[in-house]
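Listed below, chain by chain, are the residues.
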Amino acid sequence: MSEIFTIIDCKDHADWLRVRNYGIGGSDASAILGMNPYKTNIELFEEKTGRRVPEDISDKPYVKYGTLAEPLIRSLFALDYPEYEVTYHDNRIFRSNRHPYMQASLDGELVDQDGRRGILEIKTTNILQSMQYEKWKDRIPDNYYIQVLHYLLVTGYQFVVLRAHLVSVWGNDKRTTVKHYFIERSEVEDDLMMLLKEEKKFWEYVESGRKPPLILPEL
């Protein structure tokens, strides 16, 4: 796969954060399309052009929970789905060779029984309202769907498995619902081409320093 991407193994987490801030990462991709509930495309543009300092969310409780839970969930996935070979490399970044501004940090790499390479994406979410659960009912929320499409673009891999742990509190009882979503690259080619086009367009704005038009999320 070396013709598709370059692997950057960062020396530590601080180095990973520094390299990660260059270019477009998975969590950035949805903001480009106006589908990120936490960041607009203008805010992302200002971050990438050095006009705004990205917010540090590493100390937020839900981020800490997700960070600590990730290796445990990855191990559980390997137990639940022994048909996949699961690997993970800490502080590793994949950078597209064709589009070097596109990067990916994966929660895991998969190889299926046919030797095809895939992506493991892990999400932990606190469900505070019933409408939040509805977003996960039969599909992946838009911002996470765009994120895994971005990873497919960077890696050239053939499929994604997203494992979501949805945590909700009922009185003194904490419940976790585990859901799996399987995406085949061959079934999302049109969406991949759309995303690639929009990411190219966005990066042209970054390189020129010209602010893109604001894209408001759909209500």
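Up top you'll find the structure we're talking about.
Read on for an overview of the structure.

Analysis parameters
- Residues numbered from 1 in each chain as written.
- Predicted model: local features only at pLDDT ≥ 70, side-chain atom pairs only at ≥ 80, totals over all residues.
- Heavy atoms only, no water.
- Pairing = 2+ DSSP bridges.
- Helix = DSSP H or I, 4+ residues; strand = E, 2+ residues; numbered from the N terminus.
- Phe/Tyr/Trp six-rings, centres within 6.5 Å; stacked < 30°, edge-to-face > 60°.
- Buried < 20%, exposed > 50% of the residue type's maximum accessible area, 1.4 Å probe, protein only.
- Axes fitted to C-alpha atoms, helices over the stretch in contact; angles between N-to-C directions.
- Parallel < 35°, antiparallel > 145°, perpendicular 65-115°, else oblique.
- Left-handed = near helix turned anticlockwise from the far one by under 90°.
- Contact = heavy atoms within 4.5 Å.
- Nonpolar A, V, L, I, M, F, W, Y, C, P; charged D, E, K, R; others polar.
- Polar contact = N/O pair within 3.5 Å; in protein donor to acceptor, adjacent residues only side chain to side chain.

Here we come to the sheet that holds strand β3 (residues 92-96). Strand order in the open sheet made by the three strands is β1-β3-β4, with antiparallel pairing throughout. Each of the sheet's edge strands pairs with one partner strand only, and the pair in question is β1 (5-9) and β4 (103-104). Bridge count between β1 and β3: five bridges; the pairing is antiparallel. In the sheet register, Ile8 faces β3, and the bridge partner there is Ile93.

We now examine the packing of aromatic side chains. Two aromatic rings, taken as a pair, are described by how far apart their centres are and by the angle between their planes. Counted according to the given criterion, the structure contains eleven aromatic pairs. Judged by centre distance (6.1 Å) and plane angle (75 degrees), the rings of Tyr22 and Trp203 are edge-to-face. Taken together, the residues Tyr22 in the loop between α1 (13-20) and α2 (26-32) and Trp203 in helix α7 (residues 189-208) connect sequence positions 181 residues apart. Owing to a relative accessible area of 38%, Tyr22 belongs among the partly exposed residues under this scheme. Measuring from ring centre to ring centre gives 5.9 Å for Phe77 and Tyr84, while their planes differ by 25 degrees; the resulting arrangement is stacked. Accessibility assignment for this pair places Phe77 and Tyr84 in one class, buried.

Their axes nearest at 9 Å, the elements helix α3 (residues 41-48) and α7 cross at an angle of 50 degrees. As summarised for this structure, α3 and α7 are arranged oblique, according to the angle between their axes. The element α3 and its partner α7 pack so that their crossing is right-handed. Taken together, the residues of α7 that come into contact with α3 (itself represented by Asn41, Leu44, Phe45 and Lys48) are Phe202, Trp203, Tyr205 and Val206.

Turning our attention to the packing of helix α6 (residues 142-155) against α7. Where α6 contacts α7, the two axes come as close as 10 Å, and the packing angle between them is 85 degrees. By the angle between their directions, the pair α6 and α7 is classed as roughly perpendicular. From α6, Tyr145, Ile146, Leu149, His150, Leu152 and Leu153 reach across to α7, where they touch Asp191, Leu192, Met193, Leu195, Leu196 and Glu199. In terms of residue class, the contact of α6 with α7 is made up of nine nonpolar, one polar and two charged.

Below, the discussion takes up the side chain of Ser30. Residue position: Ser30 is located in helix α2. The exposure class of Ser30 is buried, given its relative accessible area of 2%. Looking at Ser30, its side chain comes within polar contact range of the side chain of Asn36, at 3.4 Å.

This part is about the environment of Glu184. Residue position: Glu184 is located in strand β8 (residues 173-184). As a C-alpha pair, Glu184 and Glu109 span 75 residues in sequence and 15 Å in three-dimensional space. With sequence-adjacent residues up to four places away left out, Glu184 is seen in contact with Arg116, Gln158 and Phe159. Looking at Glu184, its side chain comes within polar contact range of the side chain of Arg116, at 2.9 Å.

This next bit is on the pairing of strand β6 (residues 117-126). For β6, a buried count of seven out of ten residues is recorded, marking the element as mostly surrounded by other parts of the structure. Sheet topology places strand β5 (residues 108-111) next to β6; four bridges connect them, and they run antiparallel. Looking at β6, one finds that Gly108 is bridged to Leu120. Counted between consecutive antiparallel strands, the loop separating β5 from β6 contains five residues, among which Gly115 sits at a positive phi close to 85 degrees. Direction of pairing for β6 relative to strand β7 (residues 159-170): parallel, over a ladder of nine bridges. Each bridged residue has a counterpart across the sheet, and for Ile119 the counterpart in β7 is Val160.

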